[in-house]
Amino acid sequence: MDVLTKENFFRPNENVHIQLSDEYPNYIGIWHTHNYIEVVYIISGSAFHEIDGNRYKVKRGDLFIINMNTPHVFFRDENAKEAFSCYDLMFTPEFFDKSLEGYNSLESLNNAYVFYSLFSEHREAVPFYNVSDNDFPLFGDLFDKIYLEHKIQKNGYTDMIRAYLLQLIITIFRMDSKGKDGAKSKNINAVNYVVDYIKANYANQISVSKLAKEVFLHPDYLGRIFRDTTGLSVGEMIQKVRIENACCFLSDSNLTVADVACKCGFFDLRFFYTVFKKRIGISPGEYRKRVITK
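Residues numbered from 1 in each chain as written. Predicted model: local features only at pLDDT ≥ 70, side-chain atom pairs only at ≥ 80, totals over all residues. Heavy atoms only, no water.

Across the protein chain, pLDDT averages 82, with 82% of residues at or above 70. Here residues 111-125 scores under 50 on pLDDT; set against residues more than four positions off or in separate chains, the count is 30 contacts. (pLDDT = per-residue confidence, 0-100. Contact = heavy atoms within 4.5 Å.)

Turning our eyes to something else, we now look at the nonpolar core. Proteins that are soluble and globular tend to have nonpolar side chains buried together. Ile198, Leu211, Phe272 and Phe276 are the most contacted members of the largest nonpolar core, which totals 35 residues. In contact with phenylalanine 272, not counting residues within four places along its chain, are Ile243, Ala246, Val257, Val260, Ala261, Phe266 and Pro284. (Core = buried A, V, L, I, M, F, W, Y, C linked by side-chain atoms within 4.5 Å. Buried < 20%, exposed > 50% of the residue type's maximum accessible area, 1.4 Å probe, protein only.)

Here we take up the pattern of salt bridges. Under the criterion given, the structure shown has seven salt bridges. Two residues, aspartate 62 and lysine 59, come together in a salt bridge whose shortest N-O distance is 4.0 Å. Since its relative accessible area comes to 45%, lysine 59 is described here as partly exposed. (Salt bridge = Lys/Arg side-chain N within 4 Å of Asp/Glu carboxyl O.)

A separate point is the environment of leucine 166. Summarising the element assignment, leucine 166 is placed in helix H4 (residues 157-174). With 70 residues separating them in the primary sequence, leucine 166 and phenylalanine 96 have C-alpha atoms 8.6 Å apart. (Helix = DSSP H or I, 4+ residues; strand = E, 2+ residues; numbered from the N terminus.)

Checked against the element boundaries, isoleucine 172 lands in helix H4. Judged by relative accessible area, which is 2%, isoleucine 172 ranks as buried. Placed 33 residues apart in sequence, isoleucine 172 and phenylalanine 139 show a C-alpha to C-alpha distance of 9.0 Å.

With that settled, consider helix H3 (residues 136-152). The first and last C-alpha atoms of H3 sit 24 Å apart over 17 residues, in line with the 24 Å expected at 1.5 Å per residue. For H3, the complete set of buried residues consists of Phe136, Phe139, Gly140, Leu142, Phe143, Ile146, Tyr147, Glu149 and His150. Contact partners of the buried residues in H3: strand E2 (16-20), strand E4 (37-44), strand E7 (62-66), strand E9 (85-91) and H4. Immediately downstream of H3, the backbone of glutamine 153 shows phi near 60°, a positive value. (Expected span 1.5 Å × (residues − 1).)

Laid out in structure tokens, this is it:
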């Protein structure tokens, strides 16, 4: 795994850098960690993002916060109709405050006076956001301004970048607090993230505790808001996604029922039959026969 440092990208004596993914195509598909905080904003196309071995499909409007020393990689989506492009905004906490040197996460900014009011409510940054179509121009404009300031380097450009980055971080946190029900917005973000995770990783073992860690929530709280939002428990959603994929394999492949079960995350064949019949109403074998005879 590659370990990227400031020296790979940052100009000398600077603690901030921004680039378009098109400018460094060789880093697409390379597992790496880095010693800076990275904010990735997808501006076109789609790709796959893996963090600690978990894969997510990402698209225009998705925004990721990647803290220091977090293994991750972007892979191209070969079936995408539009070329993938994103902004990579990198900075270290001391860009805002020299006293923050050595800290390694976005949350560490709560030690800086300039962020006191933002973090005084003990908020944590969700690692993934999907920006609405209405907000897409706002975020795009901020990234564009930071990129141009960094590229042109007019007098005072680092201060301008600091101001825009401050605005960007506050705007990210405000995404959780729109309207009167900010907690609900944050919950929906977390639930959507978990649903996408399940769809991308249904073949693997998935636990509520692991999912809760992904979105920085207590497992019991995640379970409650998940059911309130989707009408299903986390376990029921996992089974639903697995059975939907099992139906696809039974319809479109010659795999044995046992192989289909294994491919869909069921490692107990008897349990697979039980869950399948409960959700579909017939056995996997009967389902395959009915599909073939249609």
